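Breakdown of the fold
Letter by letter, the chains look like this.
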Amino acid sequence: MGVVARTKYMSFTNQHIWLIGASTGIGAQLARDLAVAGAKLSLSSRDQTKLEALKSELKGDGHGVYPLDVTQQTSVDVAWVALNKAHGMPDMVIYNAGAYEPMSATRYDADTAIMVADTNFMGAFRVLEPVLPAFMARCQGHIVLTGSLAGMKGLPNAIGYGASKAGIIHLAENLRLDLAGSGIKVQLVNPGFVKTRLTDKNEFNMPFLLTPEDASARIMKGLLSDRFEINFPKRLTVLIKALRYMPDRLYYKLLRNKPAKN
Ligand SMILES: NC(=O)c1ccc[n+]([C@@H]2O[C@H](COP(=O)([O-])OP(=O)(O)OC[C@H]3O[C@@H](n4cnc5c(N)ncnc54)[C@H](OP(=O)(O)O)[C@@H]3O)[C@@H](O)[C@H]2O)c1
């Protein structure tokens, strides 16, 4: 069997998955669903209390809690060492940590933009630091990065968030090219609007809003597929992709002068 074939899982049974950004929202629901599907989860985020509560409700045993802050390399490294010691090396790493503050250029705040970028984008570099060499040495592994449909094209009121998601999309594309044939599978999850504490900050009507349950089901299906991009929902994906390929003159005319929401 070739190295690539070994990474195509037919199911999640007994897969050890490091889920970063597990405490709430999409990540918490994904943890519940992966546990039902037989996965062994190492749960990470900053809030240990929430992670312990989540662990206690998960189906099956062999799950663990490894609090960390993705903005601190030492914190990531300590969690990596601890979870490897307790459960062995993960088969899959899902980078789902995220922060969001709606921000227009007219209400610019560097500290907020940097915090958002550090969480959504730079944190992935910190996680890859221990993960990539370990997966490469084993010629096997599965890396999943969470982007957003909002990262596919510059949108209004998205200073910080939009750039961070464009960055992580680009990073996933880099990894996919560099790791082709290495036995390491790379996937990119691009959700549309999902009802969580993150989108509760939006004051506008969110088209095609999904529940975390719906989002998790779509991610689960995508993780078992050969698709590189797991984009959902379909109608919003088509809309964003159409905007992406629209002539610039038309695009900037259509979207400019939208009133800032903050
Ligand atoms: N909801 C949407 O509509 C939507 C759309 C597109 C993409 N996404 C992406 O989907 C992912 C999950 O978002 P969500 O909507 O489920 O939001 P959420 O409920 O706020 O979840 C974000 C997760 O990231 C963790 N996190 C935040 N900062 C962290 C840090 N410094 N270190 C470690 N963990 C940290 C949070 O846990 P702690 O607070 O415990 O650290 C939480 O578990 C994010 O990457 C988000 O950008 C969401």
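The protein chain is annotated in an unreviewed UniProt entry as Short-chain dehydrogenase from Asticcacaulis endophyticus.

Bringing the packing of aromatic side chains into the picture now. Scanning the model with the defined rule gives five aromatic pairs in all. With a centroid separation of 5.1 Å and 85° between ring planes, the pair formed by Tyr-251 and Tyr-252 is classed as edge-to-face. Judged by its relative accessible area of 1%, Tyr-251 falls in the buried class. We classify Tyr-252 as partly exposed; its relative accessible area is 48%. Above the ring of Tyr-251, the side-chain terminus of Lys-153 is found at 4.6 Å from the ring centroid.

Moving on, we get to the site of the ligand. Every one of the 29 residues lining the ligand counts as a neighbour, but Thr-24, Ser-45, Arg-46, Val-194 and Thr-196 are closest to it. One of the side-chain nitrogen or oxygen atoms of Ser-23 is found 2.8 Å away from an oxygen atom of the ligand. Interatomic distance of 2.7 Å between a side-chain N/O atom of Arg-46 and an oxygen atom of the ligand. Against a free-state accessible area of 880 Å², the protein chains account for coverage of 97% of the ligand. For the shell around the ligand, the secondary structure elements donating two or more residues are helix 2 (25–36) and helix 6 (161–178). Partitioned by chemical class, the residues of the shell around the ligand number ten nonpolar, 14 polar and five charged.

Parameters and conventions
- What you see as residue numbers is a count from 1 along each chain, following the sequence as written.
- The model is predicted, so local features are restricted to residues of pLDDT at least 70 and side-chain atom pairs to those at 80 or more, both for listing and for counting; the totals for chains, interfaces and linings are taken over all residues.
- Excluding hydrogens and water, the side-chain values take into account all heavy atoms of the structure.
- Any Phe, Tyr or Trp ring, taking Trp's six-membered ring, that has another such ring centre within 6.5 Å forms a pair; planes under 30 degrees apart are called stacked, those over 60 apart edge-to-face, and the others tilted.
- Buried means the residue's accessible area, taken with a 1.4 Å probe over protein chains only, is under 20% of the maximum for its type, while exposed means over 50%, and partly exposed covers the values in between.
- Any Lys NZ or Arg CZ that is within 6 Å of a ring centre and within 35 degrees of that ring's normal is treated as a charge sitting over the ring.
- We define proximity as follows: a residue is near a molecule or strand when any one of its heavy atoms falls within 4 Å of that partner.
- Polar contacts here mean pairs of N or O atoms no more than 3.5 Å apart (in protein, one a potential hydrogen donor and the other a potential acceptor; neighbouring residues in sequence count only if both atoms are side-chain atoms).
- We get accessible surface area from the Shrake-Rupley algorithm with a probe of 1.4 Å; when it comes to residues, only the shown protein chains can shield them.
- To qualify as a helix, a DSSP run of H or I must reach at least 4 residues; to qualify as a strand, a run of E must reach at least 2; elements of each kind are numbered from the N terminus.
- When residue character is reported, Ala, Val, Leu, Ile, Met, Phe, Trp, Tyr, Cys and Pro are called nonpolar, Asp, Glu, Lys and Arg charged, and the others, Gly included, polar.

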